[in-house]
Amino acid sequence: MRYEAADNRYDQIPYRRTGRSGLKLPAVSLGLWHNFGDDKPLETQRAILRRAFDLGVTHFDLANNYGPPYGSAETNFGRIFREDFRPYRDELVLSTKAGYDMWPGPYGEWGSRKYLLASLDQSLARMGVDYVDIFYSHRFDPETPLEETMGALDHAVRSGKALYAGISSYSPERTAEAAAILREMGTPLLIHQPSYSMLNRWIEGGLLDTLEQEGVGCIAFSPLAQGMLTDKYLHGVPEGSRASQGKSLSPDLLTEETLRHVRTLDGMARERGQTLAQMAIAWTLRDQRVTSALIGASSVAQLEDSLGALARLDFTDEELAAIDRDAVEAGINIWAASSAH
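Overview of the structure.

### Regarding the overall build of the protein
- Broken down by element type, the protein carries eleven helices and ten strands.
- Whereas a compact globule of 341 residues would reach a radius of gyration of roughly 20 Å, the protein reaches 19 Å, a difference of no more than 12%.
- Taking the principal axes of its C-alpha atoms as reference, the protein extends roughly 50 × 50 × 40 Å.
- A burial count over the protein gives 59% of its 341 residues as buried.
- In the form shown here, the protein has an accessible surface area of approximately 14000 Å², with 49% of it arising from carbon and sulfur atoms.
- Across the protein, the 35 positively charged side chains and the 47 negatively charged ones have centroids separated by 3 Å.

What follows is the structure, given as structure tokens:
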């Protein structure tokens, strides 16, 4: 059946300005890191994307190696885009990234101009679009001059293949340096995509201040701590979960001490009339410098539950102080190496 977007889609969700740019993003965006590869039914993917847009989620975030296999999330999204979303292209913000392992050999990862621009061309072909709205350097490359990496982003924008430039998992110092290089080139840095959650608070140690000073937006990925900040692991590791499969969450991280904190946070969420996931997402948005929380979804029901966070974004000082006692570092930042330089 031909898809027609809901007429009231822009009444469902708040939008926030991205730094000092003219671009607004939905307070919750949808990431296609998991659940959009060839291991998941295409019709489930289609249902999630349709429902997200009907609820006002205008931003879909991808990367070259999302899958499995690598590239399949972009390919699957491209098919759904062609069949369902092409009439709405100008209402969508599409992003992709390059930086991690994508193809064999010395030109298939990191931050060289050759890799970044080749990857962008491949991403555009897989998605079947002329341009992406945001093209990211997915991680800092300590062996490539930052001028080269940022020059590639500048070229992507000037060539019309991207509208904005972004970076992901850069340290505060490298973020300021990248912003200065791009500013000199005449292509402002739009946005930074760091991991951020109640169990991974590294961006509070300077990055948010840097982004505010530079006028750069922030879209926080993994606000549910790779699934730890849901009811999934309150009583152990269920079969089929990310932790049971070793997918971006090691079961070794699910220590009794961490789970005790998570159970306490779950109790606070219940007192607020929210699920733990909803409170975790709302908490990342408590700071207006965070433009959007980037969620994943394996089903329409999970998507709707996460978006339910937007019904209760307010926190009292007492609630925040109580959360602080259990929102503690849990050693889950698997992207820390990129921001350590």
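### Some remarks on the pairing of strand β3 (residues 28-31)
- The alternating pattern of β3 places Val 28 and Leu 30 and Ser 29 and Gly 31 on opposite faces, both of which are buried.
- Pairing analysis gives three bridges linking β3 to strand β10 (residues 292-295), with the strands arranged parallel. In the strand pairing of β10, Ser 29 is matched with Leu 294.
- Across two bridges, the pairing between β3 and strand β4 (residues 59-61) is parallel. Each bridged residue has a counterpart across the sheet, and for Gly 31 the counterpart in β4 is Asp 61.

### Here's the deal with the packing of aromatic side chains
- Applying the stated rule across the entire model yields 13 aromatic pairs.
- Ring plane angle 55° and centroid distance 5.3 Å describe the contact between Tyr 3 and Phe 85, whose orientation is recorded as tilted. You can see Tyr 3 sitting in the segment before β1 (15-17) and its partner Phe 85 sitting in helix α2 (residues 72-85), a full 82 residues away along the chain.
- We classify Tyr 3 as buried; its relative accessible area is 7%.
- Taking relative accessible area as the criterion, Phe 85 reaches 0% and is therefore assigned buried.
- Consider the rings of Phe 60 and Phe 85, whose centres lie 5.9 Å apart with planes at 75°: the pair is edge-to-face. Note that Phe 60 is positioned in strand β4 and Phe 85 in helix α2, a separation of 25 residues in sequence.
- Through pairs of rings, three or more aromatic residues link up here, namely Tyr 3, Phe 53, Phe 60, Phe 77, Phe 81, Phe 85 and Tyr 88.
- Looking at Arg 89, its charged tip hangs above the ring of Tyr 131, at a distance of 4.1 Å from the centre.
- The cationic tip of Arg 286 hangs over the ring face of Trp 283; the distance from NZ or CZ to the ring centre is 3.7 Å.

### Section: the pairing of strand β9 (residues 217-221)
- Counting buried residues along β9, five of its five residues qualify, which places the element largely inside the surrounding structure.
- Burial of the side chains of β9 extends over both faces: Gly 217, Ile 219 and Phe 221 are buried on one face and Cys 218 and Ala 220 on the other.
- As paired elements, strand β8 (residues 189-193) and β9 share two bridges and run parallel to each other. Bridging from a neighbouring strand, Ile 191 pairs with Gly 217 of β9.
- For the crossover that starts at β8, traverses helix α6 (residues 207-214) and ends in the parallel β9, the hand is right-handed.

### A few points about the sheet that holds β4
- The parallel closed barrel is built from eight strands, whose spatial order is β3-β4-β5-β6-β7-β8-β9-β10. Direction aside, neighbouring strands of the sheet carry axes that sit 30° apart on average.

### Remarks on the pattern of salt bridges
- The final tally for this structure, using the stated rule, is 27 salt bridges.
- For Arg 46, the salt bridge identified is with Glu 83, shortest N-O distance 2.7 Å. Taken together, the residues Arg 46 in helix α1 (residues 42-54) and Glu 83 in helix α2 connect sequence positions 37 residues apart.
- For Asp 84, the salt bridge goes to Arg 46, with nearest N and O atoms at 3.1 Å. Here Arg 46 lies in helix α1 and Asp 84 lies in helix α2, a separation of 38 residues in the sequence.
- Owing to a relative accessible area of 4%, Asp 84 belongs among the buried residues under this scheme.
- The network of salt bridges with common partners includes Glu 43, Arg 46, Arg 50, Arg 79, Glu 83 and Asp 84.

Each value, and the rule that gives it
- Here, residues in each chain are numbered from 1, in the same order as that chain's written sequence.
- Per-residue local features of the predicted model are confined to residues with pLDDT of at least 70, and side-chain atom pairs are confined, for both listing and counting, to 80 or more; whole-chain, interface and lining totals are unaffected and use all residues.
- Hydrogens and waters are ignored; side-chain quantities use all the structure's heavy atoms.
- Strands here are runs of E lasting at least two residues and helices are runs of H or I lasting at least four, both read from the DSSP assignment and numbered beginning at the N terminus.
- Radius of gyration: over C-alpha atoms. The globule rule applied is 2.2 Å multiplied by the number of residues raised to the 0.38 power.
- Categorising residues by exposure relies on relative accessible area from a 1.4 Å probe, with only protein chains included: less than 20% of the type maximum marks a residue as buried, more than 50% marks it as exposed, and the intermediate range marks it as partly exposed.
- Computed with the Shrake-Rupley method and a 1.4 Å probe, the accessible areas treat only the protein chains shown as cover for residues.
- Asp and Glu are treated as the negative residues and Lys and Arg as the positive ones, with His and the ends of the chain left uncounted.
- For charged residues, the charge sits on one atom: NZ in Lys, CZ in Arg, CG in Asp, CD in Glu.
- If DSSP finds at least two bridges between two strands, the strands pair.
- Only centres within 6.5 Å qualify two rings of Phe, Tyr or Trp (six-membered ring in Trp) as a pair; their planes then separate them into stacked at under 30 degrees, edge-to-face at over 60, and tilted for everything else.
- Geometrically, a charge over a ring is one whose NZ (Lys) or CZ (Arg) sits within 6 Å of the ring centre while staying within 35 degrees of the ring normal.
- Crossover handedness is defined here as right-handed if the route from the first strand over the helix to the second strand goes clockwise, with the strands pointing away from the viewer.
- Only the stretch in contact is used when fitting a helix axis, every axis being a line fitted to C-alpha atoms; angles between N-to-C directions are given from 0 to 180 degrees.
- Salt bridges are defined as contacts in which a side-chain nitrogen from Lys or Arg sits within 4 Å of a carboxyl oxygen from Asp or Glu.

None of the figures reported here should be taken as evidence of function without further support.
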